[in-house]
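For reference, the chains in residue letters:
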Amino acid sequence: MNTIPPTLELSEHAEIDALLCEAKALYRINCQQTLLLAEQAAAISAQYPAGAAFAALLIGQAQLILRGKDVALPLLRLALPKTAPWPNLHGECLLALGTCSQQDQPKLAFLYYLDALEVAISVQAYPVYADAYLGLGNLYVSLNDSQTGLHYLLQASEWADFSGDQDLCCKANIHLAAVLVQLQQFRLAEQVLLRAEQQLILPLRRNWQ
């Protein structure tokens, strides 16, 4: 895992960068600590737009895990325009908004995921690309269209492999296996699950296990 997010540059704001790097690294393990560190960074980022944008995104992402979409949604909406100059951050914010909207506003979620794909393509942000396909796949599965969901989840798995993020690969394959079970493709589902088992890194990704 990179310790310095690609959206931030080393700068005179070393203290803020360090807080944000630590917050990002802890997101998959301890969202409460991510929230605390991001809030600290936000409080001292008034003259550092990139830091303020990243802190706002992390706060929204952490609250989505800790307190749910009703708390996270207004925070992520405020973060969205702040992240616009930094495509990687912007893509992640769009993904989080898609997740927030999936249950109550599936059409809006679909648009958020498409926007995230467009942003990801522009900068070759493969993890965002894979997560956007994952969101689209899960959205269709939630709408009882498992076949279309399978189409997107297959692409999510392929792009996750291309991203080189082992944890993302595991996540994509678990979701892919779930829809294969729904479609009664049990032998293939077993193969995908065995692959996911090899990729699983504990205690990472507690937010989706």
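Preceding this section is the structure that the text describes.
Residues numbered from 1 in each chain as written. Predicted model: local features only at pLDDT ≥ 70, side-chain atom pairs only at ≥ 80, totals over all residues. Heavy atoms only, no water.

## Let's talk about the environment of A178
Mapped onto the elements of the fold, A178 is located in helix 9 (residues 166-182). Residues A178 and L64, 114 residues apart in the sequence, show an inter-C-alpha distance of 23 Å. (Helix = DSSP H or I, 4+ residues; strand = E, 2+ residues; numbered from the N terminus.)

## Overview of the packing of aromatic side chains
With the rule as written, the count across this model stands at eight aromatic pairs. Their ring planes at 85° and their centres at 5.2 Å tell us that Y129 and Y133 sit as a pair that is edge-to-face. Taken together, the residues Y129 and Y133, both in helix 7 (residues 126-142) and four residues apart, mark about one turn of the helix. With a centroid separation of 5.6 Å and an interplanar angle of 20°, the aromatic rings of Y140 and Y152 are classed as stacked. Separated by twelve residues along the polypeptide, Y140 in helix 7 and Y152 in helix 8 (residues 146-163) bring together distant segments of the chain. What makes Y152 buried here is its relative accessible area of 17%. Through successive ring pairs, a cluster of aromatic residues spans F110, Y126, Y129, Y133, Y140, Y152, W159 and F162. (Phe/Tyr/Trp six-rings, centres within 6.5 Å; stacked < 30°, edge-to-face > 60°. Buried < 20%, exposed > 50% of the residue type's maximum accessible area, 1.4 Å probe, protein only.)

## Remarks on helix 9
For helix 9, spanning 17 residues, the distance from its first C-alpha to its last is 25 Å, which sits close to the expected 24 Å at 1.5 Å a residue. For helix 9, the side-chain oxygen to backbone nitrogen distance between the N-cap and D167 is 3.1 Å, and the N-cap itself is D165. Backbone geometry just after helix 9 places Q184 at a positive phi near 60°. (Expected span 1.5 Å × (residues − 1). Polar contact = N/O pair within 3.5 Å; in protein donor to acceptor, adjacent residues only side chain to side chain.)

## Here we look at the side chain of S157
For S157, the location among the structural elements is in helix 8. Among the residues examined, S157 registers a relative accessible area of 6% and is labelled buried. Polar side-chain contacts of S157 include one of 2.8 Å to the side chain of N173. Once residues within four sequence positions are removed from consideration, S157 is found in contact with A172, N173, L176 and R195. (Contact = heavy atoms within 4.5 Å.)

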